[in-house]
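Single-letter residue listing:
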Amino acid sequence: EVQLVQSGVEVKKTGESLKISCKGSGYKFTSNWIGWVRQMPGKGLEWMGVINPGDSDTRYNPSFQGQVTISADKSIGTAYLQWGSLKASDTAVYYCVRHPNTLMDYFDYWGQGTLVTVSS
Amino acid sequence: DIQMTQSPSTLSAFVGDRVTITCRASQSISSWLAWYQQRPGKAPKLLIYLASILESGVPSRFSGSKSGTEFTLTITSLQPDDFATYYCQQYNTYPHTFGGGTKVEIK
């Protein structure tokens, strides 16, 4: 059974750094692109970027370029989303998603989400 | 970016009703469109991809169609489990973009 299991709730202060994770199982981790989707409180879905865990090829939504870093460690089947300096506006639920086939694709599996709360 | 305009933003319906949600793309996306269902506090779930292909395990009361740049999600005979928010997503052009969502409420 394919699963994406994300790290737990985070409560941080503005200016702090953060790295959240997404561990894939039940399939060959290096065979599928893994993306990240943001959902701000009471709002819709926004695609942030994606990584190919096989070769670490990474693409970003221009709206998020420079704001976050996406990475992966294929040896442990885990993708990451990180911030160098959090802002209050980073408060959101972040989902990791799997592309079933290619880079330009829908998302067939979603992680359970990681709630990140940032306050001053 | 391609804009995906979903309507209505909210709809109220009875159990057993037929419901239609529309998503219009700002330019051609061929059939590269997916629909997702999100229940409160849960991750979205894939319902339909390539505009009209039902994901495995999704009930057949869900269907998708396309006419030009307008896409439709139809739920025949709405069930209690179907009260949720629905999103469309285009994956034709970078970056992927979603519609604003349609919340289906109990009437």
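Quantities reported herein were computed from a predicted structural model and do not represent experimental measurements. (Residues numbered from 1 in each chain as written. Chains lettered and ligands numbered in written order. Predicted model: local features only at pLDDT ≥ 70, side-chain atom pairs only at ≥ 80, totals over all residues. Heavy atoms only, no water.)

(A) View of the overall build of chain B. From N to C terminus, chain B includes zero helices and eleven strands. The N-to-C order of helical and strand elements in chain B reads β-β-β-β-β-β-β-β-β-β-β. For 107 residues, the compact-globule estimate of 2.2 N^0.38 gives 13 Å, and the C-alpha radius of gyration of chain B, at 13 Å, lies within 12% of that figure. Its C-alpha atoms put chain B at 35 × 25 × 25 Å along the principal axes. Looking at the 107 residues of chain B, the share that counts as buried comes to 47%. Residue pairs in contact within chain B that sit at least 24 positions apart in sequence constitute 55% of those at least 6 positions apart. As displayed, chain B offers around 4900 Å² of accessible surface, 47% of which is attributable to carbon and sulfur atoms. Each charge sign in chain B was given a centre, from 9 positive and 7 negative side chains, and these centres are 2 Å apart. (Helix = DSSP H or I, 4+ residues; strand = E, 2+ residues; numbered from the N terminus. Rg over C-alpha atoms; globule rule 2.2 N^0.38 Å. Buried < 20%, exposed > 50% of the residue type's maximum accessible area, 1.4 Å probe, protein only. Contact = heavy atoms within 4.5 Å. Areas by Shrake-Rupley, 256 points an atom, 1.4 Å probe, with all protein chains shown as cover. Lys, Arg positive; Asp, Glu negative; His and termini not counted. Charge placed at Lys NZ, Arg CZ, Asp CG, Glu CD.)

(B) Examining the layout of surface pockets more closely. As a volume, the largest pocket reaches approximately 450 Å³. Around the largest pocket sit 26 residues that line it, and A:Gln39, B:Gln38, B:Pro40, B:Thr85 and B:Tyr87 are the ones nearest its centre. Those elements giving two or more residues to the lining of the largest pocket turn out to be strand 9 (92–98) of chain A together with strand 9 (85–90) and strand 11 (102–106) of chain B. Residue classes in the lining of the largest pocket are distributed as eleven nonpolar, ten polar and five charged. (1 Å grid on protein atoms, 1.4 Å probe; cavity = no way out; pocket = protein on both sides within 12 Å on 5 of 7 lines; lining within 4 Å. Points joined across faces, edges and corners; volume = space filled by probe spheres on them. Nonpolar A, V, L, I, M, F, W, Y, C, P; charged D, E, K, R; others polar.)

(C) Quick look at the state of the cysteines. Following the criterion strictly, the structure yields two disulfides over all chains and no others. With its sulfur 2.1 Å from that of its partner, A:Cys22 forms a disulfide with A:Cys96. Of note, the bridge from A:Cys22 to A:Cys96 carries an S-S torsion of about 75° and is right-handed in sense. On the criterion of sequence distance, the pair formed by A:Cys22 in strand 3 (residues 18–25) and A:Cys96 in strand 9 is long-range, its members being 74 residues apart. Each of the two residues, A:Cys22 as well as A:Cys96, counts as buried. There is a disulfide in this structure between B:Cys23 and B:Cys88, and the S-S distance comes to 2.0 Å. One disulfide, between B:Cys23 and B:Cys88, carries an S-S torsion of 55° and so falls in the right-handed class. Taken together, the residues B:Cys23 in strand 3 (residues 19–25) and B:Cys88 in strand 9 connect sequence positions 65 residues apart. (Disulfide = S-S within 2.5 Å.)

(D) Geometry of the packing of aromatic side chains. Counted according to the given criterion, the structure contains 13 aromatic pairs over all chains. Each ring, one from A:Trp47 and one from B:Tyr94, has its centre 5.3 Å from the other, and the planes form 55°; the classification is tilted. Within this pair, whereas A:Trp47 is found in strand 5 (residues 45–52), its partner B:Tyr94 is found in the loop between strand 9 and strand 10 (97–98), the two belonging to separate chains. A residue is classified by how much of its surface remains accessible, and B:Tyr94, at 32% relative accessible area, is partly exposed. Ring pairs connect the aromatic residues A:Tyr95, A:Phe107, A:Trp110, B:Tyr36 and B:Phe98, which therefore count as one cluster. Lying over the aromatic face of A:Tyr80, A:Lys19 brings its terminal NZ or CZ to 4.5 Å of the ring centre. In this structure, A:Arg98 packs its charged tip against the face of A:Tyr27, placed 4.7 Å from the ring centre. (Phe/Tyr/Trp six-rings, centres within 6.5 Å; stacked < 30°, edge-to-face > 60°. Lys NZ or Arg CZ within 6 Å of the ring centre and 35° of its normal.)

(E) Representation of the side chain of B:Gln90. All names here are of chain B. Relative to the elements of secondary structure, Gln90 occurs in strand 9. For Gln90, the side chain forms a polar contact with the main-chain nitrogen of Asn92, separated by 2.8 Å. Setting aside chain neighbours within four positions, we find Gln90 in contact with Ile2, Met4, Ile29, Trp32, Pro95, His96 and Thr97. (Polar contact = N/O pair within 3.5 Å; in protein donor to acceptor, adjacent residues only side chain to side chain.)

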